[in-house]
Amino acid sequence: MPSPAHPFLTDRKVVFLLALFCCMLWGSSFPAIKNGYALFGIAPADIASKLVFAGWRFLIAGLSLVAYAALTGKTVRGLTPRAWGQIALLGLTQTTLQYVFFYIGLAHTTGVKSSIMNATGTFFSVLLAHFIYRNDRLSYGKALGCAVGFAGVMIVNLGSGLAGLLAFDFTLLGEGFVIIAAFVLAAASIYGKRISQGLDAIVMTGWQLAIGGAALLAAGYAMGGGLGRFTPASAALLAYLALLSSLAISIWSLLLKYNRVSLVTAFNFMVPVFGALLSAVFLGESILEWRNGVALVLVCYGIWLVTQARPAVPAAADGAEGRAAS
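All of these numbers come straight from a predicted model, not from anything done at the bench.

Student: Explain the overall build of the protein chain to me, using residue names and the numbers behind them.
Tutor: Secondary structure assignment for the protein chain yields 12 helices and 0 strands. Taken from the N to the C terminus, the helices and strands of the protein chain come in the order α-α-α-α-α-α-α-α-α-α-α-α. When burial is assessed residue by residue, the protein chain has 56% of its 326 residues classed as buried. Pairs at least 24 apart in sequence give 86% of the contacts found in the protein chain among residues at least 6 apart.

Rendered as C-alpha cells:
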C-alpha cells in the first residue's frame, strides 16, 4: 500500500511529469553509453575497458545514493552481516553480471534495437513471478502482454528487404547479450524485492550499485582495461550516466511510496519509446524502418498490458529494484 498522501507527489500532473522524466533518463542511457564508447575510445572488442566504464558509472551512482540517504537521516552503515551479504549478492548479480552482458551487447547492436529488446525484462519478470509467487500467477492479460511483447522482439530482428522476412538479423554478442542482461535483471529484481522487506530501498540500491560497480572496476582493470581520452566531454558524459542512475531511482522510489504502484509502473512502456527516439536523434539511427516501428508499438503495448494487473508483491520495492541499474 502507498504511504499517506503527499500534497505535491500525489498530484496527478506532477506524477505524470516526474514519471516521464525518469523514463526519459533511462531511455537516454542507450545513446549515452554508445557515445561514451566513442568519447573514451573504447573499441567494440575491448571488453575490459567496457567493464571499467560501467564500473565507474555505478560506483559513483551508488555512493551518491548512499550519501543522499545519509543526508536524509537514513541508516546507511548499521546493517547486519546477513544484510550486507544479501546486498553484496544483489550487487554482483543485478549490477555486475547484468552489465557485463548489457555493455557488451550494446556495443554490437544499435541503440534502437537495444532499447526495444531490453524491455523484455518486464516480460521475464512476469513469467518468473508466476513460478515463484503463489499470489502472482499469470492472468490472461499478462500472458497476452508477454506474447505481444516477444512478438515485437522477433519482428525487430527480421532482416532487411523481402528476403529478410525469412531470416533473423540476430547475433549472440549483440542482441543475444541484451536479452540475457534483461533476464538477469528480472531474476535479480525478484530477489531484491524479497530482501528489501527488511531494508530501506534507497540504502539497499545505493550499496548494491556501489558493490556491483566496484566489482566491475576490479574485473575490468584486472583484464587490462582502462579509460583513454579522458576529456571534459567524456567526463561530463560519465557524470551524466551516474547522475541518471541515482536521480531516476530516487524519484521513482518516491513516486512509488506515495502513489499506487499500478499508476506509476504504467509508464514503463515509455522507456523503449524514449530509448528508440533518443538513439535516432543522437546516434543517427533509423527508427522509421517498418520493423522498428511495429516492434516498438508491440513491445510498448505488451508492457502496458502486463502492468495493468494489480501487483501481488509489496509496493515498496517494486520498480525501485527493477530499475536500479538502468
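That was the structure; now back to the text.
Student: If you had to explain unusual backbone geometry to someone new, which residues and values would you point to?
Tutor: Of note in this structure, R229 is not a glycine but carries a positive phi near 50 degrees. Summarising the element assignment, R229 is placed in the loop between α8 (201-222) and α9 (232-258).

Student: So what about a nonpolar patch on the surface? Which residues, and what values?
Tutor: Side chains of F21, M24, L243 and L247 sit close together on the surface and give an oily, nonpolar patch of about 300 Å² of accessible area. Contributing elements (two or more residues each) for the nonpolar patch: α1 (12-39) and α9. Its place among the elements puts L243 in helix α9. Judged by its relative accessible area of 48%, L243 is partly exposed.

Student: I'd like to hear about the packing of α1 against α9, residue by residue, with values.
Tutor: Taken N-terminus to C-terminus, the directions of α1 and α9 make an angle of 155 degrees; their axes are 9 Å apart at the nearest point. In terms of orientation, α1 and α9 fall into the roughly antiparallel class. Of the two possible hands of crossing, α1 and α9 adopt the one that is left-handed. When its residues are assigned to classes, the contact of α1 with α9 shows 22 nonpolar, 5 polar and no charged.

Student: Describe helix α5 (residues 120-132), and please don't skip the residues or the numbers.
Tutor: The α-helix advances 3.6 residues per turn, and as a result positions three or four apart in sequence lie on the same side. Given a rise of 1.5 Å per residue, 13 residues ought to cover 18 Å, and the 18 Å separating the end C-alpha atoms of α5 matches this to within 8%. Packed against the buried residues of α5 are α4 (111-117), α6 (140-156), α7 (172-195) and α12 (290-306).

Student: So what about the side chain of T205? Which residues, and what values?
Tutor: Topologically, T205 is positioned in helix α8. Polar side-chain contacts of T205 include one of 2.7 Å to the backbone oxygen of A201.

Student: I'd like to hear about the packing of aromatic side chains, residue by residue, with values.
Tutor: Counted under the stated rule, the structure contains 17 aromatic pairs. Between W26 and W252, the aromatic rings sit 5.1 Å apart at their centres with planes inclined by 70 degrees, giving edge-to-face as the arrangement. Separated by 226 residues along the polypeptide, W26 in helix α1 and W252 in helix α9 bring together distant segments of the chain. An identical accessibility class is assigned to W26 and W252; each is buried. Here a set of aromatic residues connected by ring pairs shows up, and it is made of F30, Y37, F40, F53, F58, Y99, F102, Y103 and F230. K50 extends its terminal NZ or CZ atom over the ring of Y37, reaching a point 5.2 Å from the ring centre.

What counts, and at which threshold
- Each residue is numbered by its place in its chain's sequence as written, counting from 1.
- Reporting in this predicted model follows two pLDDT cut-offs: at least 70 for local features of residues, and 80 or more for side-chain atom pairs to be given and counted; totals over whole chains, interfaces and linings ignore these cut-offs and use all residues.
- Heavy atoms throughout the structure, all of them, feed into the side-chain values; hydrogens and water do not.
- Numbered from the N terminus, helices here are DSSP runs of H or I no shorter than four residues, and strands are runs of E no shorter than two.
- Classification of residues uses two cut-offs on accessible area relative to the type maximum, computed with a 1.4 Å probe and protein chains only: under 20% is buried, over 50% is exposed, and between them is partly exposed.
- Any two residues whose heavy atoms approach within 4.5 Å at even a single point are treated as in contact.
- Each patch groups residues whose relative accessible area exceeds 30% and which form no salt bridge, using 9 Å between like charges and 5 Å between nonpolar side chains of Val, Leu, Ile, Met, Phe, Trp and Tyr.
- Note that accessible areas follow from Shrake-Rupley with a 1.4 Å probe, and for residues the cover is restricted to the protein chains shown.
- Counted as salt bridges are all cases of a side-chain nitrogen of Lys or Arg within 4 Å of a carboxyl oxygen of Asp or Glu.
- Note on geometry: axes are lines fitted to C-alpha atoms, helical ones only across the stretch in contact, with angles between N-to-C directions running from 0 to 180 degrees.
- Throughout this description, any angle smaller than 35 degrees is read as roughly parallel, any larger than 145 degrees as roughly antiparallel, any in the 65 to 115 degree range as roughly perpendicular, and the remainder as oblique.
- Whether a crossing is left-handed or right-handed is set by the direction in which the near helix is turned from the far one by less than a right angle, anticlockwise for left-handed and clockwise for right-handed.
- Here the nonpolar group is Ala, Val, Leu, Ile, Met, Phe, Trp, Tyr, Cys and Pro; Asp, Glu, Lys and Arg are the charged ones; every other residue, Gly included, is treated as polar.
- Under the convention used throughout, the expected extent of a helix is 1.5 Å for every residue step, that is, one less than its residue count.
- In protein, a polar contact means a hydrogen-donor-capable atom and an acceptor-capable atom, both N or O and within 3.5 Å, with residues adjacent in sequence counting only if both atoms are side-chain atoms; elsewhere, any N or O pair within 3.5 Å suffices.
- Under the pairing criterion, centres of Phe, Tyr and Trp rings, with the six-membered ring standing for Trp, must be within 6.5 Å; the plane angle then separates stacked pairs below 30 degrees from edge-to-face pairs above 60, leaving the rest tilted.
- Counted as over-ring charges are cases with an Arg CZ or a Lys NZ within 6 Å of the ring centre that also lie within 35 degrees of the ring normal.

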